[in-house]
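The primary structure of each chain is shown beneath.
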Amino acid sequence: AIPPLLPATIPWHSIAVLPQPDGRCAVLKADAFRALEADAGLDVEVQASWAQRHGVFVTTAAACARPLGQQVPTRPEKCDEFF
């Protein structure tokens, strides 16, 4: 992924998404990703979910960024900056 607001690409393992039984996902940020956030002066909120539809797994993910210190909305669709 090449988020336009971060100064560099992130290694594929910088974000881990752990599916939960209820369709939500726990999102874990690696130290390398947190370092990029700090270097860019951003706090990036990442949300993911999954569902099974007609025998097929459907996944969704969204991320938004805010300057450090600003509250990040709990729903990404309310963010001004998407990537």
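Residues numbered from 1 in each chain as written. Predicted model: local features only at pLDDT ≥ 70, side-chain atom pairs only at ≥ 80, totals over all residues. Heavy atoms only, no water.

Participant: Can you explain the environment of Ala63? Please cite residues and give values.
Facilitator: Structurally, Ala63 is set in strand β4 (residues 56-67). In this structure, the C-alpha to C-alpha distance between Ala63 and Val44, residues 19 residues apart in sequence, is 6.6 Å. (Helix = DSSP H or I, 4+ residues; strand = E, 2+ residues; numbered from the N terminus.)

Participant: Any details on helix α1 (residues 31-40)? Residues and values, ideally.
Facilitator: Along α1, the residues classified as buried are Phe33, Leu36 and Glu37. All buried residues of α1 lie within an arc of 100° about the axis, which places them on one face of the element. Residues Asp31 and Asp39 are exposed on α1 and point more than 90 degrees away from its buried face. Where α1 is buried, its residues meet β1 (15-19), β2 (25-29) and β3 (42-53). After α1 finishes, the residue Gly41 shows a positive phi value of roughly 70°. (Buried < 20%, exposed > 50% of the residue type's maximum accessible area, 1.4 Å probe, protein only. Arc of directions from axis to C-beta. Contact = heavy atoms within 4.5 Å.)

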